[in-house]
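Coordinate analysis (summary)
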Amino acid sequence: MIYMDYHATTPVDPEVVAAMLPYFSEKFGNAASRQYRLGWDAQEAVEQARSEVAALIGAEAKDIVWTSGATEANNLALKGLAEVTMPARDHFVTVVTEHKSVLDTCKRLEKQGRSTTVLAVSGDGSIDLDILRGAVTERTAAVSVMAANNEIGVLAPLAEIAAIAHARGALLHTDAVQAAGKVPLNVAASGVDLASFTAHKLYGPKGVGALYVRRKSPRVTLAPMLDGGGHERGMRSGTLNVPGIVGFGAAAALAGRCMAVESARLRQLRDRLLEGLKTRVGDLMVNGSLTTRLPGNLNVSFPGVDGEALLVSLSDDVALSSGAACTAAEPSHVLKALGRRTELALASLRFGLGRWTTLQEVDAVAARVSDEVMRLRAMSPV
Ligand SMILES: *Cc1c(COP(=O)(O)O)cnc(C)c1O
């Protein structure tokens, strides 16, 4: 089985597993227990991880709030902000290609009386900054735009978006899950105010994430979603997942060290995969810009192919998807937003290359997928 779905999740790096192991049974203390060594050790480990995650994204350690993942971080960022900015600012701006944890959070806010503007994208997946400028008003609490798209890998110009939001006194939230550890990201330099992360997309464990919350110019405040012991500057109560957090820290440190070499290698493999597919199947369409894009992402539509049949026939030897894991079987809302018709959106594959993807795997997948596409095309009446 060849794994080529690194946008859905990633295996935990062995170095990360090793860093986590002592925190399950030997150093099992509660990071909030301040009276004895076991608690201090846990707290120290959590604070080291906080510095490591902060360093990866150009933040200060104190700006990091631990969560259970990016779904929670996105919910906390938008709902937590909506609660404190009412009634003066009751409007949110986001983009049609966002992850469901942002889009559905915005829908919830709308049900609760806020208004939202969901921007369209152009054919290459980018947003029109003039249209964005026109959508942000004096009532906008935040603009939420993802740093890198999880289906088509398209990157957003965060600094320019931040400037547009700030000009009207709105904040910028970014779902930076797919960008973190893959492309350089600096929340301070880009003017990002809130940013969501999850460990399992960068070779860390599942069930742990973080929200970056700017503490200076401006100081961002959020209402908590979980009330309780007042952990995490009161923004997220609950006993910390110490092994998970240690793993997130180790994964962030490792990603920071590997990023330049890894992204150059993945970009080459990705380009080779595209070439391999193109030369064999001829007619294909790349979804999303090829220049402003994550190095390990490729998303391709194959005209004249039954997408369902394609995935089924590949499922025994290649782990691939047609889009986000949570919404498989429906046509991707991202591809539809690029203007792809339903049949074409369904006849699309997202290739996610990662740390353990080899050249042999890329060649094997290009050949295997092409064979299937040609076989299905030969069978198809159209
Ligand atoms: C995976 C993903 C999420 C959700 O993260 P979880 O930690 O699994 O909740 C959110 N946004 C994007 C862009 C993702 O790829």
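This text goes with the structure placed above it.
Summary of the structure given here. (Residues numbered from 1 in each chain as written. Predicted model: local features only at pLDDT ≥ 70, side-chain atom pairs only at ≥ 80, totals over all residues. Heavy atoms only, no water.)

1. A short note on the nonpolar core
Buried together is how nonpolar side chains tend to be arranged in soluble globular proteins. Just so we agree on the cut-off: Nonpolar cores were defined as sets of buried Ala, Val, Leu, Ile, Met, Phe, Trp, Tyr and Cys residues, with membership established by side-chain atoms within 4.5 Å. Partly exposed residues are those whose accessible area sits between 20% and 50% of the maximum for their type, while under 20% is buried and over 50% is exposed, using a 1.4 Å probe and protein chains only. Secondary structure elements are taken from DSSP: a helix is a run of H or I of four residues or more, a strand is a run of E of two residues or more, and numbering for both begins at the N terminus. Marked domain ranges trace back to an automatic or database domain assignment. Two residues form a contact once any of their heavy atoms are found within 4.5 Å.
I57, W66, L132, V143, F197, Y212 and F248 are the most contacted members of the largest nonpolar core, which totals 62 residues. Of the residues forming this core, the biggest block, 8 residues, is contributed by helix α3 (residues 37–57). Residue assignment places this core across two domains, with domain 1 (2–7 + 259–379) and domain 2 (14–253) each supplying three or more. When near neighbours in sequence (up to four residues on either side) are disregarded, I57 contacts I64, L185, N186, V187, F197 and Y212. L277, L320, V362 and V365 belong to the second-largest nonpolar core, a separate cluster that totals 26 residues.

2. What about unusual backbone geometry?
Across the junction of M86 and P87, the peptide omega takes the value -5°, indicating a cis bond. With respect to the helices, strands and loops of the structure, P87 is situated in the loop between α4 (70–85) and β3 (91–95). Going from S217 to P218, the amide bond is cis rather than trans, its omega being -5°. Secondary-structure assignment places P218 in the loop between β8 (209–213) and α9 (242–281).

3. Remarks on empty space enclosed by the protein
Note the following rule: Using a grid of 1 Å spacing that covers the protein atoms alone, one calls a set of points a cavity when a 1.4 Å probe fits there but cannot get out, and a pocket when the set is open and has protein on both sides within 12 Å along at least five of seven lines; lining residues are those with an atom within 4 Å of a point. Grid points are joined across faces, edges and corners, and a volume is the space filled by probe spheres set on the points. Under the grouping applied here, Gly and all other residues not named as nonpolar or charged are polar, the nonpolar ones being Ala, Val, Leu, Ile, Met, Phe, Trp, Tyr, Cys and Pro and the charged ones Asp, Glu, Lys and Arg.
By the definition in use, this model includes 2 cavities of 30 Å³ or more. In this structure, the largest cavity occupies an estimated 140 Å³ of space. Lining the largest cavity are 16 residues, with K182, Y203, L266, G296 and L353 sitting closest to its centre. If one sorts the elements of the lining of the largest cavity by residue count, α9 sits on top with 4 residues. Looking at the lining of the largest cavity residue by residue, the class counts come to 7 nonpolar, 7 polar and 2 charged. Of the residues that make up the lining of the largest cavity, three or more belong to each of domain 1 (2–7 + 259–379) and domain 2 (14–253).

4. Description of helix α7 (residues 158–167)
How we decide: Note that the arc is computed from the directions linking the helix axis to the C-beta atoms.
Burial in α7 covers these residues: L158, I161, A162, I164 and A165. Summarising the axial view, the buried residues of α7 lie within an arc of 165°, below the 170-degree limit, and thus occupy one face. Looking at the buried side of α7, the elements it contacts are α6 (129–135), β5 (140–144), β6 (171–175) and α8 (187–190). A positive backbone phi angle near 80° is found at G169, which sits one or two residues after α7.

5. As for the packing of α9 against helix α13 (residues 359–379)
The criterion, for reference: Axes here refer to lines fitted to C-alpha atoms; in helices the fit is confined to the stretch in contact. Angles between the N-to-C directions go from 0 to 180 degrees. In these notes the angle categories are as follows: under 35 degrees is roughly parallel, over 145 is roughly antiparallel, 65 to 115 is roughly perpendicular, and the rest is oblique. Helix crossings are classified by the rotation of the near helix relative to the far one: an anticlockwise turn of less than a right angle makes the crossing left-handed, while a clockwise turn makes it right-handed.
Between α9 and α13, the shortest axis-to-axis distance is 9 Å and the interhelical angle comes to 30°. One element, α9, and the other, α13, form an angle in the roughly parallel class. The interaxial crossing formed by α9 with α13 has right-handed handedness. Two secondary-structure elements touch here, α9 through L269, R272, L273, G276, L277, R280 and V281 and α13 through L359, V362, D363, V365, A366, A367, V369, S370, V373, M374 and R377. For the contact of α9 with α13, the residue count by class is 12 nonpolar, 2 polar and 4 charged.

6. Topic: the site of the ligand
Rules: Here a residue counts as near a molecule or strand whenever at least one of its heavy atoms sits within 4 Å of it. Pairs of N or O atoms are called polar contacts if they sit within 3.5 Å, as long as, within protein, a hydrogen donor faces a hydrogen acceptor (for residues adjacent in sequence, only side-chain-to-side-chain pairs). Under the convention used here, a 1.4 Å probe and the Shrake-Rupley method define accessible areas, while residue burial counts only the protein chains that appear.
Residues in close proximity to the ligand total 13 residues, the closest being T71, D175, Q178, T198 and K201. K201 has a polar side-chain atom sitting 2.7 Å from an oxygen atom of the ligand. Coverage of the ligand by the protein amounts to 87% of the 390 Å² it exposes when considered alone. A breakdown of the residues in the shell around the ligand according to their chemical character gives 3 nonpolar, 8 polar and 2 charged.

7. Considerations on the environment of W66
Positionally, W66 belongs in strand β2 (residues 64–67). Residue W66 is classed as buried on the basis of its relative accessible area of 1%. For W66 and L211, which are 145 residues apart along the polypeptide, the C-alpha to C-alpha distance reads 6.4 Å.

8. Details of the pattern of salt bridges
Under the convention used in this document: We define a salt bridge as a side-chain nitrogen of Lys or Arg found within 4 Å of a carboxyl oxygen belonging to Asp or Glu.
Taken as a whole and judged by the stated rule, the model has 24 salt bridges. When the shortest N-O distance is used, the salt bridge between E47 and R50 registers 2.8 Å. Taken as a pair, E47 and R50 lie in helix α3 at a separation of 3 residues, close to a single helical turn. Judged by relative accessible area, which is 33%, E47 ranks as partly exposed. Overall, the relative accessible area of 9% leaves R50 in the buried class. Salt-bridge contacts for E372 lead to R375; the nearest nitrogen and oxygen are separated by 2.7 Å.

9. So, the sheet that holds β2
We count it as follows: Strands were regarded as paired on the criterion that DSSP finds at least two bridges between them.
Spatially, β2-β8-β7-β6-β5-β3-β4 is the arrangement adopted by the 7 strands of the open sheet, whose pairing is mixed. Pairing within the sheet leaves two strands with one partner each, and these edge strands are β2 and β4 (115–119). The average angle at which neighbouring strand axes cross in this sheet is 20°, direction not considered. With 3 bridges joining them, β3 and β5 adopt parallel strand pairing. Of the residues in β5, the one forming a bridge with F92 is A142. Helix α5 (residues 100–111) contacts β3, β4, β5 and β6 of the sheet and is inclined by roughly 155° relative to β3.

Just distances and angles here, no functional claims.
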